[in-house]
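If you want the building blocks of each chain, they are given just below.
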Amino acid sequence: MNNSQDLPLKNDIAARFLPLIIGLMVYVGTLCFVFTLFILSATHLWENQLRTQITLEVPASPGASSAPLQAQVLQVLSKTPGIQQASAVPKKEVETLLQSLLGTTLPVDLQFLPVLIEVSLNGREPIDIPMLEARLKIISPQIQLIDHRPWQVQVSSLINASVVLASTLTFLVLLTALVTTTFATRTSLLIHRQVVEVLHLIGATNEYIAKQFQVHALKQGLIASAIGAAFAFLTFIGIAALLEKAGLPSTSLSSFSIQAFCVFALSPFVTGGFMMLSARLTVMRGLRP
Amino acid sequence: MSDFIAQFVGVGHQYKKGAEIFKGATFNIEPGSFHFLTGPSGSGKSSLLKMLYLGLKPTWGSIRLFGEDPLTMKPSLLPLLRQQVGVVFQEFKLLDHLKVIDNVSLPLRVRGIEAKRSYRDARELLNWVGLGDSLQAYPATLSGGQQQRVAIARAVITRPQLLLADEPTGNVDDDMAIKLLHLFEELNKMGTAIVIATHNQRLLERSPYPHLTIRRGTIIRTPKRSKP
């Protein structure tokens, strides 16, 4: 038995380039979308930390212990509303941090470095930063309060702008794929108008004719976008490996990979579905008297 | 519901370039009737058939098909009217990319009949018209006469209420013409109204059916004769 289509769409010259374009669009689109998600996921955690943390630098006095000063500062902090926890960063940790930045050969005398106090905000109550700073300055005018939130807002805006840009790019890629499908379908309809006329004359409804186009578009969309998504996935794996090599924590990347895999796995179905819909609407509009 | 399959009242058509083919054609086609449509070349036989299968709109006058006015009905309902009409086109209009069996089973598939039954019916019909060994052939590889038989098989496979045939015996020998006429008569016995446009004098002479003759833009109905 022959299950061939009633319209010879497979051999259509007009639509021959379509799978290539769709594959390419899906490749670019999914990569864009996945990296948008990746930026969002990576920055979300980081933003949370910045939003709920401030840092204090308590000056070290050479030859004298900074412990009493620290104790006074911690006492002020414990009485300040909006603060969840405050603790000094251990000297060993500061040493490791400095060594990772400056190298092990550079002699650093830790006793001259200020003590860092990390303060976690509870996020539920507002904290009056100028008031806290004023109270700390009474203890010692050299105490520095570093509030990360003002520049975090700027960085957030920058990230949001990149996300909007990447999302727009993804949307444009999808739109281009749809417009290309529309034009290819319209051309195909024109090429096969005689076959369409015969189908009409033997009683075919517009829906029956549209179904031929939409099934073809769905098949093309699924195959082309599966290939595009597979290549995009391989590219993503490659870039992720490079990022890991560059020092990005592998845990965040591996947890994100599941999301990315879902995007790559779903993109052929989404693209195929949109192409099918686009083909159907184009044919139904084209056949309208 | 109308008693007629088709009713033409004062129908006329004028092509854009100016040629007027009817002045006011008025006739009816009753259920189960059999008519030959005759007239000189260029008189408008094919145009009249086109109007009957809704391939051409009249310039004036009114048409009713199966009791419906196709000119005012919703376009989405037109396929339902067309599904009751089988057409054998003069130029066959077979789909070259489909095999013979696919061409013949197409009207059934279009009506949503399952493929297995469609192919079984198509095979039976093609065997009957002598094309049982060309099921998997493409129309382009067949002779004119064979293509005509495929076109006829495609038109009759749905057992339409109205069968229109434009010169259906134009490309076949006399024996095959008689055999095809017999097929049309069998279909007619089952209740299908038949309108055959033809020039075939032998066919016209040996058949008792009434003629619709187009002469000078009007249609003259010649009554049924007794069988010779």
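Everything numeric here is computed off the predicted structure, so don't read it as measured data.

1. Here we look at the overall build of chain A
Helices and strands together make up the secondary structure of chain A, namely eight helices and four strands. For chain A, the spread of C-alpha atoms along the three principal axes comes to 100 × 40 × 25 Å. In chain A, buried positions account for 39% of the 289 residues. Within chain A, contacts between residues separated by at least 24 positions form 87% of all contacts whose residues are at least 6 apart in sequence. Summing over all exposed atoms, chain A offers an accessible surface of approximately 16,400 Å²; the carbon and sulfur share of this is 67%. Separation between the mean location of the 18 positive side-chain charges and that of the 15 negative ones in chain A comes to 12 Å.

2. Brief notes about the confidence of the model for chain B
Mean pLDDT for chain B: 87, with 96% of residues reaching 70 or above. Mean pLDDT across the elements of chain B bottoms out in helix α7 (residues 201-206) of chain B (79) and peaks in helix α3 (residues 100-110) of chain B (95).

3. Observations regarding unusual backbone geometry
Residues and elements named next belong to chain B. A positive phi is found at leucine 54, a non-glycine position, where the angle reads about 65 degrees. Secondary-structure assignment places leucine 54 in the loop between α1 (45-52) and β4 (60-65). Despite not being glycine, phenylalanine 92 shows a phi value in the positive range, around 65 degrees. In this structure, phenylalanine 92 sits in the loop between β5 (85-88) and α3.

4. Considerations on the domain arrangement of chain A
Domain annotation for chain A reports domain 1 (9-47 + 153-287) and domain 2 (60-142). Centre-to-centre separation of domain 1 of chain A and domain 2 of chain A, based on C-alpha positions: 51 Å.

5. A word on the sheet that holds strand β2 (residues 83-88) of chain A
All names here are of chain A. Read across the open sheet, the four strands follow the order β2-β3-β1-β4; overall the sheet is antiparallel. Each edge of the sheet is formed by a strand with only one pairing partner; in this case those strands are β2 and β4 (144-147). Between one strand axis and the next, the sheet turns through 20 degrees on average, direction left out of account. As defined by bridge partners, strand β1 (residues 53-58) adjoins β4 across four bridges and the pair is classed as antiparallel. What sits directly across from isoleucine 54, in β4, is aspartate 147.

Here is what the cut-offs are and how they apply
- Residues numbered from 1 in each chain as written.
- Chains lettered and ligands numbered in written order.
- Predicted model: local features only at pLDDT ≥ 70, side-chain atom pairs only at ≥ 80, totals over all residues.
- Heavy atoms only, no water.
- Helix = DSSP H or I, 4+ residues; strand = E, 2+ residues; numbered from the N terminus.
- Buried < 20%, exposed > 50% of the residue type's maximum accessible area, 1.4 Å probe, protein only.
- Contact = heavy atoms within 4.5 Å.
- Areas by Shrake-Rupley, 256 points an atom, 1.4 Å probe, with all protein chains shown as cover.
- Lys, Arg positive; Asp, Glu negative; His and termini not counted.
- Charge placed at Lys NZ, Arg CZ, Asp CG, Glu CD.
- pLDDT = per-residue confidence, 0-100.
- Domains from an automatic or database assignment.
- Pairing = 2+ DSSP bridges.
- Axes fitted to C-alpha atoms, helices over the stretch in contact; angles between N-to-C directions.

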